[in-house]
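Here is how the chains run, residue by residue.
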Amino acid sequence: MYVYDQVDRNLVAERVAQYRDQVRRFLAGDLTEDEFRPLRLQNGLYIQKYAPMLRVAIPYGLLSAVQLRMLAAIARRYDRGYGHFSTRQNIQYNWPRLEDSPDILADLASVEMHAIQTSGNCVRNITSDEFAGVAPDEIVDPRPLCEVLRQWSTFHPEFSFLPRKFKIAINGSVEDRSATAFHDIGLYLCRAPDGELGLRVLVGGGMGRTPIVGTVIREFLPWQHMMTYVECILRVYNRYGRRDNIYKARIKILVKALGAEEFARQVEEEWALAKDGPGTLTEEELKRVSAYFTAPDYEPRPADEGEFERRIAESRGFARWAGRAMRPHRVPGYRAVVLSLKKTGVAPGDATAEQMEQVADWSERYGFGEIRVSHEQNLILPDVRAGDLFTLWEQARKAGLATPNLGLLTDIIACPGGDFCSLANAKSIPIAEAIQRRFDDLDYLHDIGELNLNISGCMNSCGHHHAGHIGILGVDKDGEEWYQVSIGGADGSAAGHGRSAIGRVIGPSFKAEDMADVVSRLVEIYLENRETGEHFVDTVERLGIAPFKAGVYGTPVRTKKEPSEGVVADA
Amino acid sequence: MPEIIRASAVVADDWQILRPAAETPLAEVEIPVGRVVVPLALWLERSAELLSRGDTGVWLSGTDDPAPLVRWLPQLPLVAVDFPKFTDGRGYSVAYLLRSRFGYRGELRAIGDVLPDQLFFMRRVGFDSFAVRSDKDIQQALRSLQPFSDVYQGSWDNPVPAFRRHPRAWPGQHDGN
């Protein structure tokens, strides 16, 4: 993985010093709350319901064992012994003190990490495929260009006060594992017929209040132009994006208002003047950065596959886990392994300091000291020998990290919600738990098959509810927490056969205590109607939402328990 | 006399920023004596008169298109870009375009809600003078002009990104390891 050189080290160290001084000035009263806000936000510090929240970047989801141990140490030293992995390949600490935040950033800097631009109206953490470099369906490893773009976007002087936040994802595989089409800029790495490396450029995707799947504005952009082209997109957005209304300030609104074609024309016009400038990426620099992402020294052991097969035959539990947690690896004899952070009773995406340390240990024992973080809020060991899988499973099980639910209904994506977040309208965590408890029968869960269930506590959509096969959105009605349900969303991954789609709302919202029943009904309708090989989302696609709507609203949801409290319609 | 930052020093400055009331017709706006910076619309309306006056500069808002000003840029002693709120970042692009696209080489000043922690970004996109908001410590602002010893990406101050400026470490070339 990438290793900081003197340039990177200086920048991060100087950033810590700058921020330390800003905190000092704020505490001394030289900076007002309004003046300090953008400064702390660009260093990842929010003020939340009960305490500040610090969001730390995990660039393109890549961590070393040393870094993960530091994340654990920070959780212990400055927080309450755990952290929350978010849908944007960040980790969030819920209980740090403002006064400690400069020290936390200094600790992060000591392991080549930071919280730069994890919030605020600037270019955020660049996200990517958690299986980059090991996936058999990879066209081009996206990590070098992610790193190049990370550096380019860090403290960009022209784009640090954009109309709104700005998210970029790069995907380099056949399968889109980065929800790329839901980003302000989505870049798909590809090759021209002559083998030239390039990018397909999407703009204006996003979730939030106005969910939109991004539009292609350029089919093929040769790799060396990535930064100048992104610069031109950002310049058009910075100048013409709306600033009068926070809900209409994202680039997607500008793209929609102008039309994608006109937006593309303006970008191309700008780019005609910026193209081939000094910002053009050089072959030398791409080679240099790529040299940090070469394959480790794999040494497959011939006996491994036999050992693995024997264990599968012997242990149903292991077979079930491996069937879900294992992902193919481009090197025979190896697998990528997803460690589930979706155990029932634990907030989705949360990991304790002990768990982080154990994962760091396993990454060294069973791999090359590397860990990945996925937008589905799980941790990945990318290089596990087939012969080590059984031992890893036994250990992961003890650590509560081997729930065999990856890609299944209980592998719920959820934001921290109303339990922590001051933006939330409603809680997410208890809803996730109620649903996980309802679907605790593993045979049933596995029979239901691939199903992405995503929960957001408010319209900001941190829980990606729009892209969920089942999406749940917390809404506020007269001070009460209600939940709106949508179906048919898809994040571009194989679970939805590559489609990127926004879910459709099935009808009036529900109370928290009804949510497990509502999901049960949706699943029953799917099971009654599915054709061979269909996932939940395929059946929704084929039948439309009508039968699901009829099945859910046909009779009051809670007739069995409290007949008086049926479904209450939205006003 | 108010103080500003120019060429990395705090100096006294007598340019007045003219912000006429929106309802006053441009033809009727009174131009005070002395060195005055007028809004773009006023300049475009009365450029002949203002040009003969000599000591006149022009300020642009973030929504102004700098293109119509281009023909006068070589004669202007001062161009300013207004930041109505420090969080409104349009002025950064306007400044960058004035410098890099339209070739303005005179003094380029940031006016309005100009706070110490913005100066680093402002200087990089092409501003060389800063009317720091009067309630802020201008010496503090001067100290925060240059918080970083290097930068990754090019901008007006140095269009060449770090990877083209000096050799960066390849794997195994790191000091200490």
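None of the values given here were measured: they were computed from a predicted structure. The residue numbers shown here count from 1 along each chain, following its written sequence. For this description, chains carry letters from A and ligands carry numbers from 1, given in the order in which they are written. For a predicted model such as this one, the threshold for reporting local features is a pLDDT of at least 70, and the threshold for listing and counting side-chain atom pairs is 80 or more; totals across whole chains, interfaces and linings nevertheless cover every residue.

### Describing the overall build of chain A
In terms of helices and strands, chain A carries 18 helices and 23 strands. Our radius of gyration looks at C-alpha atoms and nothing else; its globule reference is 2.2 Å times the residue count to the power 0.38. For 571 residues, the compact-globule estimate of 2.2 N^0.38 gives 25 Å, and chain A sits close to it at 23 Å. With the principal axes as the frame, chain A shows a C-alpha extent of 65 × 65 × 55 Å. Taken across its 571 residues, chain A has 58% of its residues classed as buried. Contact definition: two residues whose C-beta atoms, as placed from backbone geometry, lie within 7 Å. A separation of at least 24 residues holds for 68% of the contacts in chain A among residues at least 6 apart in sequence. Put simply, DSSP marks the helices as runs of H or I at least four residues long and the strands as runs of E at least two long, and each gets a number from the N terminus on. As a rule, residues whose C-beta atom has 12 or fewer other C-beta atoms within 10 Å are exposed, those with 20 or more are buried, and those in between are partly exposed; C-beta atoms are placed from the backbone.

### Thoughts on the domain arrangement of chain A
Residues and elements named next belong to chain A. Where each domain starts and ends comes from a domain assignment, either automatic or drawn from a database. What the domain assignment lists for chain A is domain 1 (6-109), domain 2 (135-291), domain 3 (304-398) and domain 4 (413-553). Computed over C-alpha atoms, the centres of domain 1 and domain 4 are 32 Å apart. Partitioned by chemical class, the residues of the side of domain 1 that touches domain 4 number no nonpolar, five polar and one charged. The classification used treats Ala, Val, Leu, Ile, Met, Phe, Trp, Tyr, Cys and Pro as nonpolar, Asp, Glu, Lys and Arg as charged, and all other residues, Gly among them, as polar.

### A closer look at the nonpolar core
Each nonpolar core comprises buried Ala, Val, Leu, Ile, Met, Phe, Trp, Tyr and Cys residues, the members being joined through C-beta atoms within 7 Å. Membership of the largest hydrophobic core comes to 207 residues, with the highest contact counts inside it found for Ile233(A), Leu522(A) and Phe130(B). It is helix α6 (residues 226-240) of chain A that contributes the most residues to this core, nine residues altogether. Residues within four places of Ile233(A) in sequence aside, it is in contact with Ile185(A), Val203(A) and Val267(A).

### Some words on the sheet that holds strand β4 (residues 82-85) of chain A
Backbone hydrogen bonds hold the strands of a sheet together, and the pairing may be parallel or antiparallel. Residue and element names in this part refer to chain A. Strands sit in the order β1-β2-β5-β4-β13 across an open sheet of five strands; the sheet is antiparallel. The outermost strands of the open sheet, each flanked by one partner alone, are β1 (45-47) and β13 (350-352). Neighbour to neighbour, the strand axes of the sheet diverge by 30° on average, direction disregarded. Note on pairing: DSSP must find at least two bridges between two strands before they are called paired. Strand direction decides the pairing type here: β1 and strand β2 (residues 52-57), joined by three bridges, are antiparallel. Across the sheet, the residue bridging to Tyr 46 is Met 53, located in β2. Helix axes are fitted to C-alpha atoms over the stretch in contact, other axes to C-alpha atoms as well, and angles between N-to-C directions run from 0 to 180 degrees. Sheet contacts for helix α3 (residues 65-78): β4 and β5 (90-93); angle to β5, the most-contacted strand, approximately 15°.

### Here we look at the interface of chain B and chain A
Taken residue by residue, the interface counts 33 residues in chain B and 34 residues in chain A. Only α2 (90-101), α3 (119-125) and α5 (162-165) of chain B provide two or more residues apiece to the side of chain B that touches chain A. Looking at the side of chain B that touches chain A residue by residue, the class counts come to 17 nonpolar, eight polar and eight charged.

### Concerning the confidence of the model for chain A
Values of pLDDT, the confidence the predictor places in each residue, fall between 0 and 100. Across chain A, the average pLDDT comes to 95, with 98% of residues at 70 or higher. Scored below 50 in pLDDT, residues 559-571 of chain A makes twelve contacts in the model with residues more than four places away or belonging to other chains.

### Description of the pairing of strand β7 (residues 168-171) of chain A
Residues and elements named next belong to chain A. Judged by which residues are buried, β7 turns out to be covered on both faces: Ile 168 and Ile 170 on one side and Ala 169 and Asn 171 on the other are all buried. When strand β6 (residues 127-128) meets β7, the two strands line up parallel, connected through two bridges. Bridging from a neighbouring strand, Thr 127 pairs with Ala 169 of β7. By convention a crossover is right-handed if, when the strands point away from the viewer, the path from the first strand over the helix to the second runs clockwise. Each parallel crossover has a hand, and for β6 linked through helix α5 (residues 143-153) to β7 it is left-handed. Relative to strand β8 (residues 185-191), β7 runs parallel, the two sharing four bridges. Opposite Asn 171, over in β8, you have Tyr 188 as the bridge partner.

### Regarding the sheet that holds strand β3 (residues 16-17) of chain B
All names here are of chain B. One open sheet holds the eight strands; their spatial order is β2-β1-β8-β7-β6-β5-β4-β3, and the pairing between them is mixed. Because the sheet does not close on itself, it has two edges, and the strands there are β2 (9-12) and β3. Relative to β2, strand β1 (residues 3-6) runs antiparallel, the two being bridged by four bridges. In the strand pairing of β2, Ile 4 is matched with Val 11. The strands that α2 touches are β5 (56-60), β6 (78-83) and β7 (107-112); relative to β6, the one it contacts most, it runs at about 160°.

### Focus on the confidence of the model for chain B
Residues of chain B with pLDDT of at least 70 account for 98%, and the chain-wide mean is 95. Here the prediction assigns the complex a pTM of 0.96, and the interface score ipTM is 0.97.

### Describing the environment of Val475(A)
All names here are of chain A. Within the element layout of this structure, Val 475 appears in strand β18 (residues 470-477). Exposure remark for Val 475: the 16 C-beta atoms within 10 Å place this residue in the partly exposed category. The sequence separation of Val 475 and Trp 223 amounts to 252 residues, and the corresponding C-alpha distance is 43 Å. When residues no more than four places from it in sequence are discounted, the contact partners of Val 475 are Asn 425, Ala 426, Trp 482, Tyr 483, Gln 484 and Ser 509.

### Some remarks on helix α13 (residues 389-398) of chain A
All names here are of chain A. Taken together, the buried positions of α13 are Leu 389, Leu 392, Trp 393 and Ala 396. For α13, the angular spread of the buried residues around the axis is 100°, confining them to a single face. Those residues of α13 hidden inside the fold are in contact with α10 (304-314), α11 (316-325), β11 (326-328), β12 (334-339), α12 (353-365) and β15 (379-385). Downstream of α13 by one or two residues, Gly 400 has phi in the positive range, about 75°. The directions considered for the arc are those from the helix axis to the C-beta atoms.

### So, the packing of α3(A) against α12(A)
Residue and element names in this part refer to chain A. Where α3 contacts α12, the axes come no closer than 8 Å and their chain directions differ by 170°. The angle between the axes of α3 and α12 places the two elements in the roughly antiparallel class. Residues Ala 65, Leu 68, Arg 69, Leu 71, Ala 72, Ala 75 and Arg 76 of α3 touch α12, and the partners they reach there are Ala 353, Met 356, Glu 357, Val 359, Ala 360, Ser 363 and Glu 364. Across the contact of α3 with α12, the residue classes break down as nine nonpolar, one polar and four charged. Small angles under 35 degrees read as roughly parallel and large ones over 145 as roughly antiparallel, with 65 to 115 read as roughly perpendicular and the rest as oblique.

### Quick look at the environment of Ile502(A)
Residues and elements named next belong to chain A. The residue Ile 502 is located in the loop between β21 (500-501) and β22 (504-505) in this model. Taking the number of C-beta atoms within 10 Å as the measure of exposure, Ile 502 has 19 and is therefore partly exposed. Taking the C-alpha atoms as reference points, Ile 502 and Ile 126, 376 residues apart in sequence, are found 22 Å from one another. Once residues within four sequence positions are removed from consideration, Ile 502 is found in contact with Pro 211, Val 213, His 466 and Gly 489.

### A closer look at the pairing of β12(A)
All names here are of chain A. Counted residue by residue, β12 has six buried out of six residues, so it is predominantly covered. Burial along β12 is two-sided: the face carrying Tyr 334, Ala 336 and Val 338 and the face carrying Arg 335, Val 337 and Leu 339 are both buried. Note that β11 and β12 share three bridges and pair antiparallel. Bridge pairing links Arg 327 to Ala 336 in β12. Hairpin connection from β11 to β12: five residues lie between these consecutive antiparallel strands, with Gly 333 at a positive phi of about 95°. In this sheet, β15 lies alongside β12 in antiparallel orientation, the contact comprising five bridges. Looking at β15, one finds that Val 337 is bridged to Leu 381.

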